[in-house]
Amino acid sequence: MSAQILDGKSVRDSILAELKPRVEALAAKHRRPGLAVVLVGDNPASEIYVRSKVKACGELGIFSERLTPPDSITTEEMLAIVEDLNRRPEIDGILVQMPLPAQVDARRILLAISPEKDVDGFHPYNVGCLVANSPAPRACTPAGIIELLKRYRVPIAGRRAVVIGRSDIVGKPMALLLLHENATVTICHSKTPDLAAECRRADILVAAIGRAALVTGEFIKPGAAVIDVGMNRLTRREEAERIYTRQPEKLRQLAEKGSILLGDVHPIEGPEMAGAITPVPGGVGPLTIAMLMSNTVRAAERRLEAREAAPCSS
Ligand code: NAP
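Reading the values: the criteria
- Residues numbered from 1 in each chain as written.
- Predicted model: local features only at pLDDT ≥ 70, side-chain atom pairs only at ≥ 80, totals over all residues.
- Heavy atoms only, no water.
- Helix = DSSP H or I, 4+ residues; strand = E, 2+ residues; numbered from the N terminus.
- Rg over C-alpha atoms; globule rule 2.2 N^0.38 Å.
- Buried < 20%, exposed > 50% of the residue type's maximum accessible area, 1.4 Å probe, protein only.
- Near = heavy atom within 4 Å.
- Polar contact = N/O pair within 3.5 Å; in protein donor to acceptor, adjacent residues only side chain to side chain.
- Areas by Shrake-Rupley, 256 points an atom, 1.4 Å probe, with all protein chains shown as cover.
- Nonpolar A, V, L, I, M, F, W, Y, C, P; charged D, E, K, R; others polar.
- Contact = heavy atoms within 4.5 Å.
- Salt bridge = Lys/Arg side-chain N within 4 Å of Asp/Glu carboxyl O.
- Axes fitted to C-alpha atoms, helices over the stretch in contact; angles between N-to-C directions.
- Parallel < 35°, antiparallel > 145°, perpendicular 65-115°, else oblique.
- Domains from an automatic or database assignment.
- Pairing = 2+ DSSP bridges.
- Arc of directions from axis to C-beta.

### Regarding the overall build of the chain
- When its secondary structure is counted, the chain shows twelve helices and eleven strands.
- Taken over the C-alpha trace, the chain has a radius of gyration of 20 Å; the compact-globule value for 314 residues is 20 Å, and the two agree within 12%.
- Principal-axis analysis of the C-alpha atoms places the extent of the chain at approximately 65 × 45 × 35 Å.
- The burial tally for the chain puts 47% of its 314 residues in the buried class.

As structure tokens, this is what we get:
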């Protein structure tokens, strides 16, 4: 069996194409949506993420502003930046790129972002809305996965879903979104006994672990839809030889580039067992930025709607 590939790039392109007229409508009626991205210090991985977010804004016609305070910033100084962005009318979305330096209290920063501008969906108010299934920005990666499943018409209601990972940014919101779509959901984590047996029960299996190729064929019910969230860099040749037994070109890639990007799902056994699967790269990754754009546009629309409903307020 060879699985259908769930192509995140094409879904991303469709989402962005649908957002474009909404951005144009906002620009014509009021002003362009605006996203502020705060990147502290010079973490190279964060720098790459921020660059792609700013680029996506540019392509869509969203105004973006990049703030780059130094690594030495204090919690109070970060709070002042966030409060200023909360006040600025042309900013609809605020994204503080994690991780923050150790001396900054990330929890206080997160709490300070106005929930209506929290386009990451991480503020406790928005997490509460997620639990209650009421409208609010949703965490981008899990929201993107739901979009992918729906657009590929993977049935969710009544199906058994297993999510491996219980982080606040992926695992937990993913499980709640699947529950709201009427799946029967199990959450697994590092203390789950017999993980493979739990996973084999899943019609939809979401792996958000951060362990290269941990999900082997024995974890997958034949024909299941498998969503691979993991982004792992493989650098050790012996590990690559163990995983890519039938793909010598991957070993050449490792020798040339020094690393191979792969997911949490075994790249050969996963597609053999699954009915449908997301590739890494090109699966979940592109959807995260598309949903950030979607949350920003929706935040701008909501703020305009609120302004129109109360024309006397500023
Ligand atoms: P995280 O905060 O480190 O959470 C990992 C989860 O996996 C934890 O709940 C942990 O369990 C569980 N886990 C770890 N080892 C396990 C094992 N051997 N068996 C079962 N469960 C295990 O990571 P995250 O932020 O959720 O991210 C997960 C992965 O997704 C990472 O590779 C990350 O880079 C990737 N990611 C990708 C995107 C994207 O856009 N493509 C976005 C976000 C994250 P415990 O809770 O018991 O420790």
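### A look at the site of the ligand
- As a structural note, the neighbourhood of the ligand is formed by 22 residues, with Arg166, Ser167, Ser190, Met231 and Thr288 the closest of them.
- The side chain of arginine 166 places a nitrogen or oxygen atom 2.7 Å from an oxygen atom of the ligand.
- Between the ligand and threonine 288, the relevant distance is 2.8 Å, taken from an oxygen atom to a side-chain nitrogen or oxygen of the residue.
- Isolated, the ligand exposes 930 Å² of accessible area, and the fraction of that covered by the protein chains is 70%.
- If you tally residues by element for the shell around the ligand, the top one is helix α12 (residues 284-309), at three residues.
- Grouping the amino acids of the shell around the ligand by side-chain chemistry returns ten nonpolar, ten polar and two charged.

### Some remarks on the environment of leucine 179
- Topologically, leucine 179 is positioned in helix α7 (residues 171-180).
- Look at leucine 179 and you get partly exposed, because its relative accessible area is 43%.
- Considered as a pair, leucine 179 and leucine 35 are 144 residues apart in the sequence and their alpha carbons are 30 Å apart.

### Concerning the environment of alanine 300
- Mapped onto the elements of the fold, alanine 300 is located in helix α12.
- A relative accessible area of 6% places alanine 300 in the buried class.
- The spatial distance from the C-alpha of alanine 300 to the C-alpha of glutamine 97 is 20 Å, given a sequence separation of 203 residues.
- Setting aside chain neighbours within four positions, we find alanine 300 in contact with Leu26, Pro33 and Asp92.

### Re the pattern of salt bridges
- One pass over the structure, following the stated rule, counts 25 salt bridges.
- With a shortest N-O distance of 3.2 Å, lysine 29 and glutamate 308 are connected by a salt bridge. Of this pair, lysine 29 sits in helix α1 (residues 8-29) while glutamate 308 sits in helix α12, and the two are 279 residues apart along the sequence.
- Assessed through its relative accessible area of 57%, lysine 29 is described here as exposed.
- Relative accessible area serves as the criterion here: at 42%, glutamate 308 is assigned to the partly exposed category.
- The shortest N-O distance in the salt bridge between arginine 201 and glutamate 198 comes to 3.8 Å.
- On the basis of relative accessible area, glutamate 198 is assigned to the partly exposed category, the value being 27%.
- Taken together, the shared-partner salt bridges in this structure form one network comprising Arg22, Arg298, Glu301 and Glu305.

### Thoughts on the packing of helix α6 (residues 140-151) against α12
- Where α6 meets α12, the axes come as close as 8 Å, and the angle between the chain directions of the two elements is 105 degrees. Classed by the angle they form, the pair α6 and α12 counts as roughly perpendicular. Side by side, α6 and α12 meet where Cys140, Thr141, Ala143, Gly144, Ile145, Glu147 and Leu148 of the first sit next to Val284, Leu287, Thr288, Met291, Leu292 and Asn295 of the second.
- Partitioning the contact of α6 with α12 into residue classes produces eight nonpolar, four polar and one charged.

### With respect to the domain arrangement of the chain
- Per the domain assignment, the segments of the chain are domain 1 (30-117) and domain 2 (140-284).
- In this structure, domain 1 and domain 2 have C-alpha centres spaced 29 Å apart.

### Quick look at the pairing of strand β4 (residues 93-96)
- What you see with β4 is no split at all: Gly93 and Leu95 on one side and Ile94 and Val96 on the other are buried throughout.
- Note: strand β2 (residues 34-38) against β4, four bridges, orientation parallel. Bridge assignment links leucine 35 to a residue of β4, and that residue is glycine 93.

### Some words on helix α5 (residues 124-132)
- Among the residues of α5, those classed as buried are Asn126, Cys129 and Leu130. Along the axis of α5, the buried positions cluster into a sector of 105 degrees, meaning they face one direction only. Opposite the buried face of α5, by more than 90 degrees, sit the exposed residues Tyr125 and Ala132.
- On the buried face of α5, the contacting elements are α7.

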